[in-house]
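# Coordinate analysis (summary)
In case you want the letters, here they are:
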Amino acid sequence: MYLIETQRLGLRNWLESDIHVFAEMNKDPKVMEFFPKILTFEETRKWVEKIRDNIAKGEFGLWAVEIKQTCEFIGFAGLSVPKFQADFTPCIEIGWRFGYKHWGKGYAQEAACECLNFGFNKLNIKEIVSFTSAINMRSINVMKRIGMQYVKEFEHPNIERGSNLCKHVLYIKKNS
Ligand SMILES: CC(C)(COP(=O)(O)OP(=O)(O)OC[C@H]1O[C@@H](n2cnc3c(N)ncnc32)[C@H](O)[C@@H]1OP(=O)(O)O)[C@@H](O)C(=O)NCCC(=O)NCCS
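Residues numbered from 1 in each chain as written. Predicted model: local features only at pLDDT ≥ 70, side-chain atom pairs only at ≥ 80, totals over all residues. Heavy atoms only, no water.

Counted under the stated rule, the structure contains 15 salt bridges. The shortest N-O distance in the salt bridge between glutamate 153 and lysine 167 comes to 3.8 Å. Of this pair, glutamate 153 sits in strand E7 (residues 149-155) while lysine 167 sits in strand E8 (residues 167-174), and the two are 14 residues apart along the sequence. For glutamate 153, a relative accessible area of 43% corresponds to the partly exposed category. For arginine 161, the salt bridge goes to glutamate 155, with nearest N and O atoms at 2.8 Å. Given a relative accessible area of 42%, glutamate 155 falls into the partly exposed group. In this structure, a network of salt bridges that share partners links the residues Glu16, Arg45, Glu49 and Arg52. (Salt bridge = Lys/Arg side-chain N within 4 Å of Asp/Glu carboxyl O. Helix = DSSP H or I, 4+ residues; strand = E, 2+ residues; numbered from the N terminus. Buried < 20%, exposed > 50% of the residue type's maximum accessible area, 1.4 Å probe, protein only.)

This part takes up the packing of helix H1 (residues 18-25) against helix H2 (residues 41-56). Helix packing for two helices is described by the angle between their axes and how far apart those axes are. Put simply, H1 and H2 touch, their axes get as near as 9 Å, and they point 125° apart. Relative to H2, H1 is oriented oblique. Of the two elements, H1 crosses H2, and the hand of that crossing is right-handed. Contacts from Ile19, His20, Phe22 and Ala23 in H1 reach Phe41, Thr44, Arg45, Trp47, Val48 and Arg52 in H2. (Axes fitted to C-alpha atoms, helices over the stretch in contact; angles between N-to-C directions. Parallel < 35°, antiparallel > 145°, perpendicular 65-115°, else oblique. Left-handed = near helix turned anticlockwise from the far one by under 90°. Contact = heavy atoms within 4.5 Å.)

Moving on, we come to the packing of aromatic side chains. Per the stated rule, a full pass over the model turns up 17 aromatic pairs. When the centroid spacing of 6.1 Å and the interplanar angle of 80° are considered together, the rings of phenylalanine 84 and phenylalanine 88 count as edge-to-face. For phenylalanine 84, a relative accessible area of 10% gives the class buried. Under the relative-accessibility criterion, phenylalanine 88 is labelled buried at 14%. Arranged with centres 5.9 Å apart and planes meeting at 85°, the rings of phenylalanine 131 and phenylalanine 154 form a pair that is edge-to-face. You can see phenylalanine 131 sitting in strand E6 (residues 127-133) and its partner phenylalanine 154 sitting in strand E7, a full 23 residues away along the chain. You'll find phenylalanine 131 and phenylalanine 154 in the same group, each marked buried. Chaining the aromatic ring pairs together yields one cluster made of Trp14, Phe22, Trp47, Phe73 and Phe76. (Phe/Tyr/Trp six-rings, centres within 6.5 Å; stacked < 30°, edge-to-face > 60°.)

Here it is in structure tokens:
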């Protein structure tokens, strides 16, 4: 049933029932603190439908994550291709987002670690990057805990200059 499994978590394609839970997450100011804006229900639905179609075609993606013991959907982790242009693109990015009540339990690092393994060992990807706003310490800590190396700071081209979210940090892990 799962595309990727960890000790506590299962990563799978998205179900219709995930959408309303994910939409609540995308409206939560704590979860969206380091994003330019929260998302409406319709924006969330469109986002999920696009990702779900890509995963169904057999491509890698931002997989829905559930707790195996309870089948509760808690967020996403996975691989994607950033759409903006920078001196490090094209590239493959690892990303994550979890509901606030599921923070502080090690779920993000557990899921992300297995996504890296999947990318390196099953998909034979040479290197995977991650980036986030330079003030998103929780996300930066996940990058460090899964063994990614700091590369540099950069200004995100899609975020308004002068916004405190514009300055980003880039991390990388190479397939060894
Ligand atoms: C980024 C995000 C996933 C990090 O969540 P997190 O809970 O800090 O990270 P983890 O799930 O890896 O959990 C690590 C914490 O759980 C604790 N923990 C508890 N049980 C644990 C276990 N069994 N194993 C590992 N860690 C455990 C760790 O000590 C650590 O605690 P700390 O924050 O006090 O250091 C979360 O903040 C989030 O979803 N943010 C919004 C989305 C976002 O910003 N995404 C990135 C944008 S690019």
